[in-house]
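Listed below, chain by chain, are the residues.
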Amino acid sequence: MSSQPARVLVVEDEAAIADTLLYALRSEGYAASHCTLGREALALLRQHGADVVVLDVGLPDLGGFEVCRELRTFSQVPVIFLTARNDEFDRVLGLELGADDYVTKPFSPREMVARVRARLRRTAPAAPVAAEEGGWKQLGRFAIDHDGRRIRYDEALLDLTRYEYALLAALLQRPGAILSRAQLMERGWDHASDSTDRTVDTHVKTLRAKLRAAGAQGEPIRTHRGVGYALDV
């Protein structure tokens, strides 16, 4: 692993909140930097990048949603939205735009640090594995062969339908990130408009049963009520 501390960019225009968050992050050993404007954040990220971005929704120049939308055109850095708004529409919109998490004000600095740590853990490179016939890629306890459209859990090959494979493969693209039902349908269904949220829920139910049969303890596919699903690898 690299000896360099993880870089966290905090984009927040309220000085008191930014100072509290920067202190908490730096106390945990992170290289935390700060800016107050959306356009400034985009310029910094284009030039220097980051490992995690904590992004306020209500910025004075360019809203956090717009920043995230533009950021996703050139980077997949994990984004944690920080906002005073807590209604379901805003949460879903933020996740649809590519955010990975959503924290509402007031918040606990310790909780935010824990969420940053979780994002970094889930995006850390997987340990090297020996090359296998068929092009398997290891992701935690899962392994996926994109060319063969196959997925294993531990050493058990999962017997998946076309849509079960598409749904699980979409979740494996961004382990730990919350994907809305609309995002999952868009990635896994040829004609997403012909399906409903209940279609995704049904396939998640059958996937969970197959994962339990393969030896999974608990639920690797986690439900975020009113928002979507995330996968623990």
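Notes on the structure follow. (Residues numbered from 1 in each chain as written. Predicted model: local features only at pLDDT ≥ 70, side-chain atom pairs only at ≥ 80, totals over all residues. Heavy atoms only, no water.)

1. With respect to unusual backbone geometry
Here Lys105 and Pro106 are connected by a cis peptide whose omega angle stands at -5 degrees. With respect to the helices and strands, the residue Pro106 is situated in the loop between strand 5 (101-104) and helix 5 (109-123). Located in the positive-phi region is Arg149, a residue other than glycine, with phi close to 50 degrees. When you line up the elements, Arg149 lands in the loop between strand 7 (142-145) and strand 8 (150-153). With phi around 55 degrees, Asp154 is a residue other than glycine that occupies positive phi space. Tracing the backbone through its elements, the reader meets Asp154 in the loop between strand 8 and strand 9 (156-157). Relative accessible area serves as the criterion here: at 28%, Asp154 is assigned to the partly exposed category. (Helix = DSSP H or I, 4+ residues; strand = E, 2+ residues; numbered from the N terminus. Buried < 20%, exposed > 50% of the residue type's maximum accessible area, 1.4 Å probe, protein only.)

2. Quick notes on the pairing of strand 1 (residues 7-11)
Along strand 1, four of the five residues are buried, which leaves the element largely enclosed by surrounding structure. Sheet topology places strand 1 next to strand 2 (residues 31-35); five bridges connect them, and they run parallel. Each bridged residue has a counterpart across the sheet, and for Val11 the counterpart in strand 2 is Cys35. Note on the crossover from strand 1 through helix 1 (residues 15-27) to strand 2: the handedness is right-handed. Taken together, the four bridges between strand 1 and strand 3 (residues 52-56) define a ladder with parallel strand orientation. For Val11, the partnering residue across the bridge sits in strand 3 and is Leu55. (Pairing = 2+ DSSP bridges. Right-handed = clockwise from strand over helix to strand, strands pointing away.)

In short, geometric facts, not functional conclusions.
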